[in-house]
Amino acid sequence: VRACGGALTATSANPSALRPARSAAEALDYFGESVDLVVDGGAAKTDQPSTVVDASGTDVKLVREGVIAWDEIQRALHRN
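The model shown is predicted, which means the values in this text are computed figures rather than measured ones. (Residues numbered from 1 in each chain as written. Predicted model: local features only at pLDDT ≥ 70, side-chain atom pairs only at ≥ 80, totals over all residues. Heavy atoms only, no water.)

Section: the confidence of the model for the chain
Here is the rule we go by: Every residue gets a pLDDT, meaning the predictor's confidence in that residue, from 0 to 100. Only DSSP runs of H or I reaching four residues or more are called helices, and only runs of E reaching two or more are called strands; each is numbered from the N terminus.
Looking at the chain as a whole, its pLDDT mean stands at 84, while 90% of the residues score no less than 70. By mean pLDDT, strand β1 (residues 52-54) is the weakest element of the chain at 88, and helix α2 (residues 70-79) is the strongest at 91.

Structure follows, in structure tokens:
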């Protein structure tokens, strides 16, 4: 991320209508030579999608609820 000069983001690693890849190998099976780099952090531990929040303003907003429940995120934010 530092080398890129900012944050990295990606959509789910799957073509439309196919299940998301759960490993780097599955992502490469889907996309092959069309990607420049795959960062292999190990196989996903769940089939649930990631939770996405927008923290660009003063209030954190839920974009998509996934493996981390929105109420869990809100509790964590209010603790700080």
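Focus: the environment of Phe31
Rules: Any two residues whose heavy atoms approach within 4.5 Å are treated as being in contact.
You can see Phe31 is positioned in helix α1 (residues 24-31). Beyond its immediate stretch of four places on either side in the chain, Phe31 contacts Ala13, Asn14 and Pro15.

Brief notes about unusual backbone geometry
When glycine is set aside, most residues are seen to have a negative phi, and most peptide bonds are trans. The condition is simple: Exposure classes here rest on a 1.4 Å probe applied to the protein chains alone. A residue is buried below 20% of its type maximum, exposed above 50%, and partly exposed in between.
A positive phi angle is found at Ala17, which is not glycine, with a value near 75°. Mapped onto the elements, Ala17 comes out in the segment before α1. For Ala17, a relative accessible area of 86% translates into the label exposed.

Thoughts on the pattern of salt bridges
Pairing between side chains becomes possible if they bear opposite charge and their charged atoms approach one another. We count it as follows: In what follows, salt bridge is the name for a side-chain nitrogen of Lys or Arg lying within 4 Å of a carboxyl oxygen of Asp or Glu.
Counted by the stated rule, this structure contains 2 salt bridges. One salt bridge in this structure joins Arg19 and Glu26, with 3.3 Å as the shortest N-O distance. In this structure, Asp71 engages Arg75 in a salt bridge whose closest nitrogen and oxygen atoms are separated by 3.3 Å. Taken as a pair, Asp71 and Arg75 lie in helix α2 at a separation of 4 residues, close to a single helical turn. Since its relative accessible area comes to 41%, Asp71 is described here as partly exposed. Taking relative accessible area as the criterion, Arg75 reaches 44% and is therefore assigned partly exposed.

Quick word on the packing of aromatic side chains
Rule in force here: Under the pairing criterion, centres of Phe, Tyr and Trp rings, with the six-membered ring standing for Trp, must be within 6.5 Å; the plane angle then separates stacked pairs below 30 degrees from edge-to-face pairs above 60, leaving the rest tilted.
Applying the stated criterion to the full structure yields 1 aromatic pair. Between Tyr30 and Phe31, the ring centres sit 6.2 Å apart and the planes meet at 75°, which makes this aromatic pair edge-to-face. Note on Tyr30: relative accessible area 28%, which makes it partly exposed.

Side note on the side chain of Thr51
Condition: Distance and chemistry together define a polar contact, namely a pair of N or O atoms within 3.5 Å, with one atom able to donate a hydrogen and the other to accept it when in protein, and with adjacent residues in sequence counting only for side-chain atoms on both sides.
On the secondary structure map, Thr51 appears in the loop between α1 and β1. By relative accessible area, which is 18% here, Thr51 ends up buried. A polar side-chain atom of Thr51 sits 3.4 Å from the main-chain amide nitrogen of Val67. Within the local environment of Thr51, its side chain forms a polar contact with the backbone oxygen of Ile68, the two atoms lying 2.6 Å apart. With residues near it in sequence (within four places) discarded, Thr51 still touches Leu62, Arg64, Glu65, Gly66, Val67, Ile68 and Ile73.

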